[in-house]
Amino acid sequence: MTCREFLDYIGAYLSGELSEAECRELRVHLDVCSQCVDYLDSYQQTIRLSKIACCADSDPVPGDVPEDLVKAVLAAMKQRPIERA
Amino acid sequence: MIAHPTSSSGPAAEAHDDAELLGELRAGAPAAYVALMRKHGGRMLAVALRYLSHENEAQEAVQDAFVSVFRAVGDFKGDSRLATWLHRITVNAALGILRKKKRLERETSIDALLPKFLPDGHRDSPEGAWAQERVQELEKGETRRMVREAIGKLPEIHRTVLMMRDIDEFSTEETGRLLGIQPNAVKARLHRARQALRTLLEPHCRGVCP
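As the structure is a computational prediction, the values presented were derived from the model and not from experiment.

Details of the nonpolar core
Stage number 1. Among the nonpolar cores identified, the biggest contains 71 residues, and Leu25(B), Leu36(B), Tyr51(B), Phe66(B), Phe70(B) and Leu201(B) are the most heavily contacted of them.
Stage number 2. Per-element tally for this core: the top contributor is helix H2 (residues 30-52) of chain B, with 12 residues.
Stage number 3. When residues of this core are assigned to domains, at least three map to each of domain 1 (11-100) and domain 2 (111-205) of chain B.
Stage number 4. What Phe66(B) contacts, discounting residues up to four positions off in sequence, is Leu69(A), Val73(A), Leu36(B), Met37(B), Gly41(B) and Met44(B).
Stage number 5. Formed by 15 residues, the second largest nonpolar core is a distinct cluster that contains Leu18(A), Leu30(A), Leu40(A) and Phe117(B).

Let's talk about the pattern of salt bridges
Stage number 1. Applying the stated rule across the entire model yields 17 salt bridges over all chains.
Stage number 2. With a closest N to O distance of 2.8 Å, Glu169(B) and Lys51(A) form a salt bridge. Pair noted here: Glu169(B) is in the loop between helix H7 (156-167) and helix H8 (172-179) and Lys51(A) is in helix H3 (residues 34-54), and the two residues belong to different chains.
Stage number 3. Note on Glu169(B): relative accessible area 53%, which makes it exposed.
Stage number 4. Under the relative-accessibility criterion, Lys51(A) is labelled partly exposed at 26%.
Stage number 5. Salt bridges sharing common partners tie together Arg88(B), Glu174(B) and Arg177(B).

Section: the state of the cysteines
Stage number 1. Enumeration over the complete set of coordinates arrives at 0 disulfides over all chains.
Stage number 2. With no disulfide of its own, Cys3(A) lies 3.8 Å from the sulfur of Cys36(A), the closest cysteine sulfur.

Quick look at the packing of H2(B) against helix H4 (residues 82-100) of chain B
Packed helix pairs are specified by the crossing angle of their axes together with the interaxial distance, meaning the distance between the axes.
Residue and element names in this part refer to chain B.
Stage number 1. Relative to each other, H2 and H4 sit at 45°, their axes nearing to 9 Å. Accordingly, the angle class assigned to the pair H2 and H4 is oblique. Regarding H2 and H4, the two cross each other, and that crossing is right-handed. Residues Leu36, His40, Met44, Val47, Ala48, Arg50, Tyr51 and Leu52 of H2 touch H4, and the partners they reach there are Leu82, Ala83, Leu86, His87, Thr90, Val91, Ala94, Leu95, Ile97 and Leu98.
Stage number 2. Residues belonging to the contact of H2 with H4 are distributed by class as follows: 14 nonpolar, 3 polar and 1 charged.

Comments concerning the environment of Leu69(A)
Stage number 1. As for its position among the elements, Leu69(A) is in helix H4 (residues 67-79).
Stage number 2. For Leu69(A), the residues in contact, after removing those within four places along its chain, are Leu45(B), Gln59(B), Val62(B), Gln63(B) and Phe66(B).

A short note on the interface of chain B and chain A
Interfaces are often sized by the amount of accessible area the parts lose when they come together.
Stage number 1. Listed per partner, the contact involves 54 residues of chain B and 45 residues of chain A.
Stage number 2. Summing both partners gives a buried area of about 4500 Å² for chain B against chain A, and 61% of it is carried by carbon and sulfur.
Stage number 3. If you sort the residues of chain B by the area they bury against chain A, Arg43(B), Arg71(B) and Arg123(B) come out on top, with a joint share of 15%.
Stage number 4. At the boundary of chain B and chain A, one finds 3 salt bridges.
Stage number 5. A salt bridge links Arg38(B) to Glu67(A); its shortest N-O distance comes to 3.0 Å.
Stage number 6. Between chain B and chain A we count 13 residue pairs in polar contact (both at pLDDT 80 or more) in total.
Stage number 7. Those elements that provide at least two residues to the side of chain B that touches chain A are helix H1 (11-26), H2, helix H3 (55-72), helix H5 (132-138), helix H6 (141-152), H7 and helix H9 (183-205) of chain B.
Stage number 8. Residue composition of the side of chain B that touches chain A, by class: 26 nonpolar, 12 polar and 16 charged.

Structural notes on the side chain of Arg159(B)
Residue and element names in this part refer to chain B.
Stage number 1. Looking at the element boundaries, arginine 159 is found in helix H7.
Stage number 2. Only 3.5 Å separates the side chain of arginine 159 from the backbone oxygen of leucine 154, close enough to count as a polar contact.
Stage number 3. Each residue touching arginine 159, except ones within four places of it in the same chain, is listed here: Arg50, Tyr51, Ser53, Ile151, Gly152 and Leu154.

Thoughts on H7(B)
Residue and element names in this part refer to chain B.
Stage number 1. Helix length check: H7, at 12 residues, gives a terminal C-alpha distance of 15 Å against a target of 16 Å (1.5 Å per residue), a fit within 8%.
Stage number 2. By the criterion of burial, H7 is predominantly enclosed, with 11 of the 12 residues buried.
Stage number 3. All of the buried residues in H7 are Glu156, Ile157, His158, Arg159, Thr160, Val161, Leu162, Met163, Met164, Asp166 and Ile167.
Stage number 4. Glutamate 169 sits one or two residues past H7 and shows a positive phi near 60°.

Quick word on the confidence of the model for chain A
Parts of the prediction with low pLDDT should not have their coordinates interpreted in detail.
Stage number 1. In the predicted model, chain A carries a mean pLDDT of 86, and 86% of its residues have values of at least 70.
Stage number 2. For chain A, per-element mean pLDDT is lowest for H4(A), which scores 89, and highest for helix H2 (residues 20-32) of chain A, which scores 94.

Points about the packing of aromatic side chains
Residues and elements named next belong to chain B.
Stage number 1. A complete count under the given rule lists 4 aromatic pairs over all chains for this structure.
Stage number 2. Aromatic side chains tyrosine 33 and phenylalanine 70 sit 4.2 Å apart centroid to centroid with 25° between the ring planes, which places their arrangement in the stacked category. One end of the pair, tyrosine 33, is in helix H2; the other, phenylalanine 70, is in helix H3, with 37 residues separating them in the sequence.
Stage number 3. Here phenylalanine 76 and tryptophan 85 contribute two aromatic rings whose centre-to-centre distance is 4.4 Å and whose plane-to-plane angle is 25°, an arrangement assigned as stacked. Neither residue differs from the other here; phenylalanine 76 and tryptophan 85 are each classed as buried.
Stage number 4. Clustering of aromatic rings is evident, with ring pairs tying together Tyr33, Phe66 and Phe70.

Definitions and cut-offs
- Residues numbered from 1 in each chain as written.
- Chains lettered and ligands numbered in written order.
- Predicted model: local features only at pLDDT ≥ 70, side-chain atom pairs only at ≥ 80, totals over all residues.
- Heavy atoms only, no water.
- Core = buried A, V, L, I, M, F, W, Y, C linked by side-chain atoms within 4.5 Å.
- Buried < 20%, exposed > 50% of the residue type's maximum accessible area, 1.4 Å probe, protein only.
- Helix = DSSP H or I, 4+ residues; strand = E, 2+ residues; numbered from the N terminus.
- Domains from an automatic or database assignment.
- Contact = heavy atoms within 4.5 Å.
- Salt bridge = Lys/Arg side-chain N within 4 Å of Asp/Glu carboxyl O.
- Disulfide = S-S within 2.5 Å.
- Axes fitted to C-alpha atoms, helices over the stretch in contact; angles between N-to-C directions.
- Parallel < 35°, antiparallel > 145°, perpendicular 65-115°, else oblique.
- Left-handed = near helix turned anticlockwise from the far one by under 90°.
- Nonpolar A, V, L, I, M, F, W, Y, C, P; charged D, E, K, R; others polar.
- Buried area = accessible area lost by both parts, 1.4 Å probe.
- Polar contact = N/O pair within 3.5 Å; in protein donor to acceptor, adjacent residues only side chain to side chain.
- Expected span 1.5 Å × (residues − 1).
- pLDDT = per-residue confidence, 0-100.
- Phe/Tyr/Trp six-rings, centres within 6.5 Å; stacked < 30°, edge-to-face > 60°.

Okay, here's the thing in structure tokens:
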């Protein structure tokens, strides 16, 4: 397996979509290629960092909703009220 | 009584507040509409802004989302948390704007941000391990902005797939359905988006930038 082939399989490897034989082949490559070990680690760190950076729960609650927006929604609801049975 | 964001705290209390608010919404009480918007609108705007990058478009998406919410609240079965339901409707409304403006159809090349290989399949430049202390910096408040900016540099379709899959945790199938592409295309774009984002973060994480 080359580094290029290894890279093609990373996504499927991490989401558990590869067969046991394919996983074994990847691990054999990792045993002999420290660059792909580093790449795999940084690829996983990237996924983790993007989640941390954007996860709403990790940030302070954003500011108030603009008053114009509230009024626009109320106007839209008034224009076409919900029909109730 | 209309639930208020400061009336209680904790998951159980929030669930109680939400149940009360939902009851008022189903009854069509205008004050409940306002209460819901004030309680969840700020967070929904932040979500929409991640997908759309422009404040006015994010507000348009949240406006569309609230109208959808109020029209569909009678059908909400409560299988998920109210906040989760609102989050998904907000993402859907943001995607609606991206579709309307045909921004998901633009195929911008991401190749410059992908790893390069020699004809024999080996790397054309050496990889190095990321420095743990540099990665940890990116987890902190101020430098998290750097990661968000890097995500913002990805082409729209790749950024959207990355956010739906890795951040908002939509399934591959659902992402494909909402974007009108096949699951295999979702997987391919996600993989390319992650590789490109990794390239953008690398200078900081290997400590090779000023």
